[in-house]
Amino acid sequence: IGGRATSFEWKGYTLNVGPHGGVVDRELDGLLRRVGREPPPVGKFDDAVTYKDGAFVPLLSLIRPDDPDLLKLMTALVEVSPDELAVLDAVSAKDWLDSLAIRDDDLRTLLTLGVLVGTTLPRLEDVAASAAIEALRPLTSPPEICWTCHGVISYMQELADAVTENGGEVRTNAEVTKILVENSRVMGVLVEEGKKELPGEVREGYVLEAPVVVAAFPIWDLFEVTSKGLYPAWFVERVEMLNRTTAFFGIYAGCKEPLFEEKWWVLMESPRTGYPFAAYMETNVCPQLAPEGEYLFNCCYLAEPELNKAEQREHLHELFELARQDLEELYPGWEDKCLWIKPFFHEFEEPARTPGRAGVFRPGPKAPGIKGLYFAGD
């Protein structure tokens, strides 16, 4: 349950898959309340900071209210029209920011970090300008960064419980292998249960009739469970164009004492790896994520999914070593405080919002020409 917004247990700790726990969605809170559930408890970070000239400084301190560059940016964020935004779906964030002629280095740093973290892409030239605007708009007010006390899975579990309490059923270890369509109308799905033991094995299956199907898997898997011939050519082309994902690599660490006491979300660009990253003591805001008397630290770097391929594995291990050096600069002697260290790589099966893959270039939530078939997620 939860897909990429999930958590898992490790040595008595609750680890989120990536930084999802920090994105507490107020719309999701509202959805839970509409179905009779209360949002799970969260802890709040006091501040988002970065590391500059050998010290930690609040990110918002990089903004000078009288900075003419800031006025240009705010004007651009507020006054952009829907038509202009559609044009920016095909423009890179780097080109858009360059067109604003923002020269203030501190402001540029803040904008870069805000865009990259908000879109989970590692470089400005990889981000559509429209996606950058969406990521930057929350900066018009002080950010509130929260962490789910029992892992982001607690949000998903509340939704699952709401389904069962309202007469629905949640089935796990059951794979939809075909969406059944007849006369341009959804009739249901074919479900196969159990684990595949042999290549090409066909498992026990059954038909589940349904007038509506909402597909929450990565959109490019659609043609594995339905035929391309059911859809217009333009739709097939758009779906196949979206198959670029985002990814994180980083380090989880269980600690015998906190690496730092503050409730800080640290964001910076790594001079060693060339990637932006976030670092945080999760247990400073949610002690429940670690066994009593122990502490949980996490850092994650935005990166390209290709790093996880066989030909890149040696380079990936080199990046982990550079990440350790980053942390040694920020928190001298940090490894001496660790009970265990766990490197990780997570590829997120969401379409990357690159130029030409955002906004108007994406298919909508309803399948064209098929009644009853919808898509959820990114």
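Placed above this text is the structure.
### Let's talk about the pattern of salt bridges
Close approach of charged atoms allows side chains with opposite charge to pair. Taken as a whole and judged by the stated rule, the model has 22 salt bridges. Ionic contacts of the salt-bridge type, sharing partners, join the residues Arg-37, Glu-158, Asp-161 and Glu-165 into one network.

### Quick word on the pairing of strand S2 (residues 13-16)
In the case of a regular strand, side chains alternate between the two sheet surfaces. Burial of S2 is two-sided: the residues Tyr-13 and Leu-15 facing one way and the residues Thr-14 and Asn-16 facing the other way are all buried. Across four bridges, strand S1 (residues 7-10) lies against S2 in antiparallel orientation. Looking at S2, one finds that Glu-9 is bridged to Thr-14. As consecutive antiparallel partners, S1 and S2 are separated by two residues, and within that stretch Lys-11 has a phi angle of approximately 55 degrees, a positive value.

### A word on the packing of aromatic side chains
Tallying each qualifying case throughout the model produces 25 aromatic pairs. Pairing Phe-45 with Trp-147 gives two aromatic rings, centres 6.1 Å apart and planes at 90 degrees, and the pair type is edge-to-face. A residue pair is termed long-range when its members are at least 10 positions apart, and Phe-45 in the loop between strand S3 (42-44) and strand S4 (47-52) and Trp-147 in strand S6 (residues 146-148) qualify at 102 residues. Across the pair, Trp-147 and Phe-45 agree in class, each one buried. Three or more aromatic residues link up through ring pairs in this structure, and these residues are Tyr-51, Phe-56, Phe-260, Trp-264, Phe-297 and Tyr-331. It is Lys-342 that lies over the ring of Trp-10; its NZ or CZ is 3.9 Å from the centre. Above the plane of the ring of Tyr-374 lies Lys-366, whose end atom (NZ or CZ) is 5.9 Å from the centre.

### Regarding a nonpolar patch on the surface
Together, Ile-1, Val-163 and Val-170 line one region of the surface with nonpolar side chains, adding up to about 220 Å² of accessible area. Within the fold, Val-170 resides in the loop between helix H7 (153-165) and strand S7 (174-182).

### Some thoughts on unusual backbone geometry
In this structure, Lys-11 is a non-glycine residue whose phi angle is positive, near 55 degrees. Relative to the assigned elements, Lys-11 resides in the loop between S1 and S2. Even without being a glycine, Asn-183 presents a positive backbone phi close to 55 degrees. By the element assignment, Asn-183 lies in the loop between S7 and strand S8 (185-193). Given the relative accessible area of 73%, Asn-183 is considered exposed.

Rules of the game
- Residues numbered from 1 in each chain as written.
- Predicted model: local features only at pLDDT ≥ 70, side-chain atom pairs only at ≥ 80, totals over all residues.
- Heavy atoms only, no water.
- Salt bridge = Lys/Arg side-chain N within 4 Å of Asp/Glu carboxyl O.
- Buried < 20%, exposed > 50% of the residue type's maximum accessible area, 1.4 Å probe, protein only.
- Helix = DSSP H or I, 4+ residues; strand = E, 2+ residues; numbered from the N terminus.
- Pairing = 2+ DSSP bridges.
- Phe/Tyr/Trp six-rings, centres within 6.5 Å; stacked < 30°, edge-to-face > 60°.
- Lys NZ or Arg CZ within 6 Å of the ring centre and 35° of its normal.
- Patch = residues over 30% accessible without salt bridge, like charges linked within 9 Å, V, L, I, M, F, W, Y side chains within 5 Å.
- Areas by Shrake-Rupley, 256 points an atom, 1.4 Å probe, with all protein chains shown as cover.

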